[in-house]
Amino acid sequence: MTDAPKIGFAPFAAPAKGALVVFCDDALTFGPQTRKALAPSGDLVARAAKAERFTGKSGSSLTLPVPAGLKVTRLVVIGTGKPAKLTPQDFLKLGGTALSKVPVAEAQATVFAETAAGAMTAQQAADVATGARLRAYAFDRYKTKKKDDDKRPAGATLTVAVSDVAAANKALAPNAAIAEGVVIARDLVNEPANVLYPEEFARRASKLRKVGVDVDVLDVKQMRKLGMNALLGVGQGSVRDSRLVVMRWNGGKKGEKPVAFIGKGVCFDTGGISIKPAGGMEDMKGDMAGAACVVGLMHALAARKAKVNVVGAIGLVENMPDGNAQRPGDIVTSMSGQTIEIINTDAEGRLVLADVLWYVAKKHKPKFMVDLATLTGAILVALGVEYAGMFSNDDRLAERLTAAGQVTGERVWRMPLGPEYDKQIDSQFADMKNTGGRNGGSITAAQFLQRFVDDTSWAHLDIAGTAMGVPASDLNRSWGSGYGVRLLNRLVADHYEAKR
Ligand code: BES
Ligand code: MN
Ligand code: ZN
């Protein structure tokens, strides 16, 4: 299987085998270590660059098989454009590009962590390594027949050459925790629903105990006792029982209020009695991407020992049509006491979140709550796959999320909330109904959620467009993107961690 190569650091030295990846700027200038390593090939690179019209502009690359004078199987030159302009996100992307230019069947690759401006900093080199790790991810555990070209040899390595190995390793440790969190989230999103049903999801979340996370799994009986009838109503048509998983990482000061992350975990969304059309329904195995992100994020924070108290809570259900399924017209009483008339059983995510948001707000009294949910198709219509929709009752939290999105490339775009939208979800029979009609579908969904956060500072991220089925990018080739792990890790790191 194409497991990621083993990624490590070594001091700069021209490799004696495998692939060599180096960087140059848009004047075809190399750093000193790279020049030294390429010296035995004379003017080969310059001639090849001319022949291939390679100018070193950002995003371009040049591959030379068995370059004369060098011992490597291939030399890959990647253009960075002007090195002074490179952002942290760019170094991640360079790592992704580097990995992509080495054939999967190659057992050994060396990447020189140097730009035309000289050796990369330890952090930049760690970002290159991390980008390569994210790009190498492939979900192929169910592919039993693979061609040799698609197989990574056992023990394949990717060595990032640096000037200070110890410093690079130190910088990589938190990065590796975050990348592992992204991988966990992607695996969960990609996994089919016959394998990953609520109980199994809870088991996988429970593995976070290994990194020091407290994990509580509440079953149907316990949720019934808490009055979580909105969540339970969604799951009642499935033979798979619902679960609520509450994860806690206490890396902050004792007694300090936690921050909280809440995920929609609909392991499969058929729509229920308001059943979805057949075309594309298989994508609804990813309707738990919000929950997957929360699990990946909790891993990242715990594995890098973030100095913060965090609660992660995920509502896990399967939305199925059945003799026992919830009907349109049913009225449920949520944990908050508010009643909800079910108009459309396919608007199930907000019902799940209603009880989890209320539970977390009341039980943990967090500094803020951010929920993530593949909540509405309408957010795809509004924003496509480039931005998640963000709704918030707190301008400062919204600004911080926007900034974290810019830095990580996991971007959010703020959408409106407002009492004017409330009339769309007022019900004739209950306190509210679970759909608000076609207009502003993502907004009325968020407006519904807001009724369950009370006065807690809160942001809702509608990730229906960004969490799955996004086009391949420098950092991701897989269907499940792992969206949100890096974004929320950044939010926490920048604003909510005690300084070291
Ligand atoms: N899980 C879907 C939203 C979704 C759609 C996610 C496409 C990813 C891709 C959600 O539960 C849903 O069905 N929403 C309905 C709401 C409607 C019935 C008010 C929708 O968006 O159509
Ligand atoms: Mn639905
Ligand atoms: Zn759904």
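Computed from a predicted model, the values in this text were never measured in an experiment. (Residues numbered from 1 in each chain as written. Chains lettered and ligands numbered in written order. Predicted model: local features only at pLDDT ≥ 70, side-chain atom pairs only at ≥ 80, totals over all residues. Heavy atoms only, no water.)

A. Up close: the coordination of the manganese ion (ligand 2). Every protein donor of the manganese ion (ligand 2) is accounted for by D269 (OD), D346 (O), D346 (OD) and E348 (OE), and the metal-donor separations fall at 2.0 to 2.2 Å. Viewed at the metal, the six donor atoms of the manganese ion (ligand 2) are separated by angles of 70 to 166°, and the geometry they form is irregular. In this structure the zinc ion (ligand 3) is found 3.1 Å away from the manganese ion (ligand 2), and D269 serves as a bridging donor for the pair. Separated by 79 residues along the polypeptide, D269 in strand β11 (residues 259-269) and E348 in the loop between β14 (339-341) and α10 (349-364) bring together distant segments of the chain. There is no split in this pair, since D269 and E348 are both buried. (Donors = N, O, S within 2.8 Å, 3.2 Å for Na, K, Ca; no water. Tetrahedral: all angles 85-135°; square planar, octahedral: opposite > 155°, others 65-115°. Helix = DSSP H or I, 4+ residues; strand = E, 2+ residues; numbered from the N terminus. Buried < 20%, exposed > 50% of the residue type's maximum accessible area, 1.4 Å probe, protein only.)

B. Structural view of the pattern of salt bridges. A complete count under the given rule lists 24 salt bridges for this structure. Between K264 and E348 there is a salt bridge whose closest N-O contact spans 3.1 Å. In this pair, K264 is assigned in strand β11 and E348 in the loop between β14 and α10, connecting sequence segments 84 residues apart. Accessibility classification places K264 together with E348 in one group, the buried group. Linking D395 and R414 is a salt bridge whose minimum nitrogen-to-oxygen distance equals 3.0 Å. On the criterion of sequence distance, the pair formed by D395 in helix α12 (residues 395-408) and R414 in strand β17 (residues 412-414) is long-range, its members being 19 residues apart. (Salt bridge = Lys/Arg side-chain N within 4 Å of Asp/Glu carboxyl O.)

C. Here's a closer look at the packing of aromatic side chains. Under the defined criterion, the tally for this structure stands at six aromatic pairs. These aromatic residues form a ring-pair network of at least three members: F261, F368 and Y496. R411 extends its terminal NZ or CZ atom over the ring of Y387, reaching a point 4.5 Å from the ring centre. (Phe/Tyr/Trp six-rings, centres within 6.5 Å; stacked < 30°, edge-to-face > 60°. Lys NZ or Arg CZ within 6 Å of the ring centre and 35° of its normal.)

D. Layout of the site of ligand 1. Around ligand 1 sit 16 residues in total, of which K276, D287, D346, E348 and G377 are the nearest. Note that a nitrogen atom of ligand 1 is positioned 2.8 Å from one of the side-chain N or O atoms of D287. In this structure, E348 approaches ligand 1 through a side-chain N or O atom, which is 2.8 Å from an oxygen atom. For ligand 1, whose unbound accessible area comes to 520 Å², protein coverage reaches 77%. Broken down by class, the residue content of the shell around ligand 1 amounts to four nonpolar, five polar and seven charged. (Near = heavy atom within 4 Å. Polar contact = N/O pair within 3.5 Å; in protein donor to acceptor, adjacent residues only side chain to side chain. Areas by Shrake-Rupley, 256 points an atom, 1.4 Å probe, with all protein chains shown as cover. Nonpolar A, V, L, I, M, F, W, Y, C, P; charged D, E, K, R; others polar.)

E. Here's a closer look at the pairing of strand β4 (residues 74-79). Within β4, five of the six residues are buried, which leaves it mostly tucked inside the rest of the structure. Of the strand pairs in this sheet, strand β2 (residues 19-24) and β4 are connected by six bridges, and their pairing is parallel. When the sheet's bridge partners are listed, F23 is paired in β4 with I78. Note that strand β3 (residues 61-65) and β4 share five bridges and pair antiparallel. Directly across from P65, in β4, lies its bridge partner R74. (Pairing = 2+ DSSP bridges.)

F. How the structure looks around helix α5 (residues 165-190). Along its 26 residues, α5 runs 35 Å from first to last C-alpha, staying within 8% of the 38 Å computed at 1.5 Å per residue. Taken as a whole, α5 carries its principal kink of about 35° at A173; the proline P174 stands between one and four residues after it. Regarding α5, its N-cap is D164, as a side-chain oxygen of that residue lies 3.3 Å from the backbone nitrogen of A166 further along. (Expected span 1.5 Å × (residues − 1). Bend = angle between axes of the 7 residues up to and from the residue.)

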